[in-house]
Amino acid sequence: MAKEEKEKRRSARRRAEPEAQSFESFESWSKLALRRIWLPKERERVRAELEDHYLDRLEDYQAQGLSKDDAKKKAVACLGDPDETAELLGRVHQPWLTVLVSAARVLIVLLAMALLICFAERYLSLRPLRSLDTREIADAGRWGSENTERTVIARRKGISADSVSFGPFEVSVEAAGFHRDRLVTRDARYGSSEVSMETECAVVLRYKAAPWLRMHPDVVDRVVRVEDSTGRSYHSVVNLKDRQWGEGSFFQYTGRVRPNSFASVFYFDNMGETPDWMDFYLEQGEAGKRLRVFFGPWEYQRDELEPMELPEVLNTAEKTEPDLLCLGVKRVYSLQSAVAGAQTGEGQALQIPWSRRSVWNLNRTKLDELRRREGQEEEELPERLELVECAVVFPDYPDSFPFHPDDMAQRLQIVDKATGAPVEWAFTRTPMWYSDACVHRLEWLALPGSASYEIRYTDPVSGESRRAVFTLGEEGSAP
Amino acid sequence: MKIDKSLLSGSTGLLVLSLLKSGDKYGYEMITLLEAISNEVFQMKEGTLYPVLHNLEKQGFVNAYNRENEKGRSRRYYHLTDKGARQLAEQREQWEAFSGAVNSVLRRALEA
């Protein structure tokens, strides 16, 4: 039945295209016979083959004595039914399969090109190999400038390079520098002596992953061990049980800068002697990379750059072949002139510019779920927590308080004014300090029925205590 | 004598493969040779031959290559591959069994 319908359609088409059915020439025949071959290249190849066949036959007929026209007609007739031929050829030269294969090839090439473009920078060095030249070293004078974003020039195995591969990341050193405040006062209590504050060091590593990777900042934490030129080694406070930040430890904070990029800031405090270099060991499983931040024997005294011998530094360091060598900044920033002649010790009080009570409603279901996930035992929790928040200002900082704000925060005590009971637990936010004041923000659990508190600070040198009393919601004052 | 197309259709592949057993050939050569050998019983049209040839090529039974003829025209030759030779042997065996059975049936029917 279907065959009959097909034949009917074919006849109708023949009636509709009478000129195509005359087959006066090979061209008109081949046009019909090859119409089911979709790819032009393939169609042309088959056409050439059939034409060769047709011409052979034409020559044979002419050799047998037929006229050219008769030979043509007979040769075309011998070619057969063009519709039937078209159907048979179409079946053999399956267009869809061929088109699909060709499309797949094109896609593979495009994909390969896209991958090459995405990863060329990562896996191939498109930049010419070169070493750090003298002009760049001379420009190092700008590294310490506050306006310069990058304070580091890096190189890898003798090649100018910014980063090193580490697992799914490209790690680079964004900034590295020392900051050592040297404070000289003429305070009677300190005997006009120089009070050297602890040396701080901050190094910022940048972890950049492939665009489609979504990593958690925890991934890049806890994989770093640090050693310096003096033989000291440092460990993250995250890994320490007591979580004390001090000698032999560093505080690491990792934040997401871009969807696939993290900045990990390492703070080293109370370092004492400034090392010439620090090695950052990135460790994860058996793979490891070493980044050496070379601070060199040079120092900045304010903005003056002392003579440096950077090429020698580089050559010396290269013998140890770190995976990435960076040049950091060792800078001494002196506050001497700012505080010289300051007189302190007259007992200026602490100030409490504001205080408030805040209420936290706890989502117990979420907390219980969190506990279960972390394997903690369940315990009774109130539905809501009441917190006291306040700001504590040391108004004559740093004149009278020549200590690091973090140390000052540790010496703060909070006492319930009504009962005299100390508050055992308080949370201090990162202090902010200015040229003439230092501000701490404290939070603690409100004691039931207590609306008045006292903040105490005891000077570690003189033992003198300073106090401020405040009632919630009101400004505090010295008692 | 005219042969019913349906009798020929199942055996064109076998005929083409057997023609190539004696050496590489091009399409027109195959058609004329087939006519000559079969005393013009098999008059294969181009529209029948070339789809069969292309199908055999696709299956790997024959290879095709171009060579210029004496008049400078490019001509497409077909070559029987090892796989094609094995296929030919197999089809030939089947054909002999089939034709023997048909002959046997016809003989008995005529004798009856």
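Residues numbered from 1 in each chain as written. Chains lettered and ligands numbered in written order. Predicted model: local features only at pLDDT ≥ 70, side-chain atom pairs only at ≥ 80, totals over all residues. Heavy atoms only, no water.

Caption draft 1: Molecular detail of the overall build of chain A. Within chain A one finds 11 helices and 23 strands. Per-residue burial for chain A yields a buried fraction of 40% across its 479 residues. (Helix = DSSP H or I, 4+ residues; strand = E, 2+ residues; numbered from the N terminus. Buried < 20%, exposed > 50% of the residue type's maximum accessible area, 1.4 Å probe, protein only.)

Caption draft 2: How the structure looks around the overall build of chain B. Of the regular secondary structure elements, chain B holds 5 helices and 3 strands. Listing each helix as α and each strand as β along chain B from the N terminus yields α-α-β-α-α-β-β-α. By residue count, 38% of the 112 residues in chain B fall in the buried class. For chain B, the share of sequence-separated contacts (at least 6 apart) that also reach a separation of at least 24 residues comes to 47%. With an accessible surface of roughly 7000 Å², chain B has 52% of that area assigned to carbon and sulfur atoms. (Contact = heavy atoms within 4.5 Å. Areas by Shrake-Rupley, 256 points an atom, 1.4 Å probe, with all protein chains shown as cover.)

Caption draft 3: Molecular detail of the packing of aromatic side chains. A complete count under the given rule lists 14 aromatic pairs over all chains for this structure. Centre to centre, the rings of F268 of chain A and F280 of chain A are 6.2 Å apart; their planes meet at 80°, and the pair counts as edge-to-face. Residue F268 of chain A is found in strand β9 (residues 261-268), and its partner F280 of chain A is found in strand β10 (residues 277-284); the two are separated by 12 residues along the sequence. With respect to burial, F268 of chain A and F280 of chain A carry one shared label: buried. Taken together, the aromatic side chains of Y234, F250, F266, F268 and F280 of chain A make up a single cluster linked through ring pairs. Above the ring of Y281 of chain A, the side-chain terminus of R225 of chain A is found at 4.3 Å from the ring centroid. Positioned over the ring face of Y26 of chain B is R75 of chain B, at 3.9 Å from the centre of the ring. (Phe/Tyr/Trp six-rings, centres within 6.5 Å; stacked < 30°, edge-to-face > 60°. Lys NZ or Arg CZ within 6 Å of the ring centre and 35° of its normal.)

Caption draft 4: Structural detail: the packing of helix α2 (residues 26-33) of chain A against helix α3 (residues 40-63) of chain A. Residue and element names in this part refer to chain A. At a minimum axis separation of 11 Å, α2 and α3 run at an interaxial angle of 140°. Seen along the crossing, α2 lies across α3 with a hand that is right-handed. Two secondary-structure elements touch here, α2 through F26, E27, W29 and S30 and α3 through R47, L50, E51 and Y54. The class makeup of the residues in the contact of α2 with α3 is 4 nonpolar, 1 polar and 3 charged. (Axes fitted to C-alpha atoms, helices over the stretch in contact; angles between N-to-C directions. Left-handed = near helix turned anticlockwise from the far one by under 90°. Nonpolar A, V, L, I, M, F, W, Y, C, P; charged D, E, K, R; others polar.)

Caption draft 5: Structural context of the sheet that holds strand β1 (residues 25-26) of chain B. Residues and elements named next belong to chain B. Across the sheet, which stays open at both edges, the 3 strands sit in the order β1-β3-β2 with antiparallel pairing between neighbours. Strands at the two margins of the open sheet, each flanked by one partner only, are β1 and β2 (62-68). Inspection of the sheet shows β1 paired to strand β3 (residues 74-80) by 2 bridges, in the antiparallel sense. Paired with K25 across the two strands is Y78, which belongs to β3. (Pairing = 2+ DSSP bridges.)

Caption draft 6: The arrangement of the pairing of strand β8 (residues 249-258) of chain A in detail. Residue and element names in this part refer to chain A. Pairing analysis gives 2 bridges linking strand β7 (residues 233-236) to β8, with the strands arranged parallel. Within β8, the position partnered with S236 by the bridge is F250. Counting the residues in the hairpin turn of β8 and β9 gives 2 residues.

Caption draft 7: Quick peek at helix α5 (residues 82-92) of chain A. Taking burial as the measure, the 11 residues of α5 of chain A include 8 buried ones, the bulk of the element. Its side-chain oxygen placed 3.1 Å from the backbone nitrogen of D83 of chain A, D81 of chain A serves as the N-cap of α5 of chain A. (Polar contact = N/O pair within 3.5 Å; in protein donor to acceptor, adjacent residues only side chain to side chain.)

Caption draft 8: Region of interest: the sheet that holds strand β22 (residues 452-458) of chain A. All names here are of chain A. Within the open sheet, the 3 strands sit side by side as β18-β22-β23. Their pairing is antiparallel. A single partner strand is all that each edge strand has here, and the edge strands are β18 (412-416) and β23 (465-471). Averaged over all pairs of adjacent strands, the angle between their axes in this sheet comes to 20°, without regard to strand direction. Note: β22 against β23, 7 bridges, orientation antiparallel. Directly across from Y457, in β23, lies its bridge partner R466.

Caption draft 9: Fine view of the confidence of the model for chain A. Within chain A, residue pLDDT values average 68, and 58% of them lie at 70 or more. Counting contacts from residues 182-196 of chain A, a segment whose pLDDT is below 50, to residues more than four positions away or on other chains yields 46 contacts. (pLDDT = per-residue confidence, 0-100.)

Caption draft 10: Examining the interface of chain B and chain A more closely. Contacts between chain B and chain A engage 20 residues on the former and 23 residues on the latter. Around 2000 Å² of area is buried between chain B and chain A when both sides are counted, 48% of it from carbon and sulfur atoms. R73 of chain B is paired through a salt bridge with D52 of chain A; the nearest N and O atoms lie 3.0 Å apart. Taken together, chain B and chain A are joined by 16 residue pairs in polar contact (both at pLDDT 80 or more). Broken down by secondary-structure element, the contributors of at least two residues to the side of chain B that touches chain A are α3 (27-37), α4 (46-59) and β3 of chain B. Ranked by residues supplied to the side of chain B that touches chain A, first place goes to α4 of chain B with 7 residues. Here the residues of the side of chain B that touches chain A are counted per class, giving 6 nonpolar, 6 polar and 8 charged. (Buried area = accessible area lost by both parts, 1.4 Å probe. Salt bridge = Lys/Arg side-chain N within 4 Å of Asp/Glu carboxyl O.)

Caption draft 11: Expanded view of helix α2 (residues 12-20) of chain B. Counting buried positions along α2 of chain B yields 8 of 9 residues, so the element is predominantly enclosed. The set of residues buried in α2 of chain B consists of T12, G13, L14, L15, V16, L17, L19 and L20 of chain B.

Caption draft 12: Region of interest: the environment of R429 of chain A. Residue and element names in this part refer to chain A. In this fold, R429 is placed in the loop between β19 (427-428) and β20 (432-433). We classify R429 as partly exposed; its relative accessible area is 36%. Spatially, the C-alpha atoms of R429 and A409 are 9.3 Å apart, while their sequence positions differ by 20 residues.

Caption draft 13: Structural view of the confidence of the model for chain B. Here chain B shows a mean pLDDT of 86. Residues at 70 or above account for 91%. Here the predicted complex scores 0.37 on pTM and 0.83 on ipTM.

Caption draft 14: Main features of the side chain of D279 of chain A. All names here are of chain A. Locating D279 in the fold gives a position in strand β10. Among the polar contacts made by the side chain of D279, one reaches the side chain of R290 at a distance of 3.0 Å. When sequence neighbours within four positions are dropped, the list of residues in contact with D279 reads R225, V226, E227, R290, L291 and R292.

Caption draft 15: Layout of the environment of D60 of chain A. Looking at the secondary structure, you find D60 of chain A in helix α3. Residue D60 of chain A is classed as partly exposed on the basis of its relative accessible area of 32%.

Caption draft 16: Region of interest: the pattern of salt bridges. Under the definition given, this model contains 21 salt bridges over all chains. Ionic pairing is found between E59 of chain A and K71 of chain B, a salt bridge with its closest N-O pair at 2.6 Å. Placement of E59 of chain A in helix α3 and of K71 of chain B in the loop between β2 and β3 is noted, with the two residues assigned to different chains. A relative accessible area of 25% means that E59 of chain A is categorised as partly exposed. Taken together, the shared-partner salt bridges in this structure form one network comprising D52, D56 and E59 of chain A together with K71, R73 and R75 of chain B.

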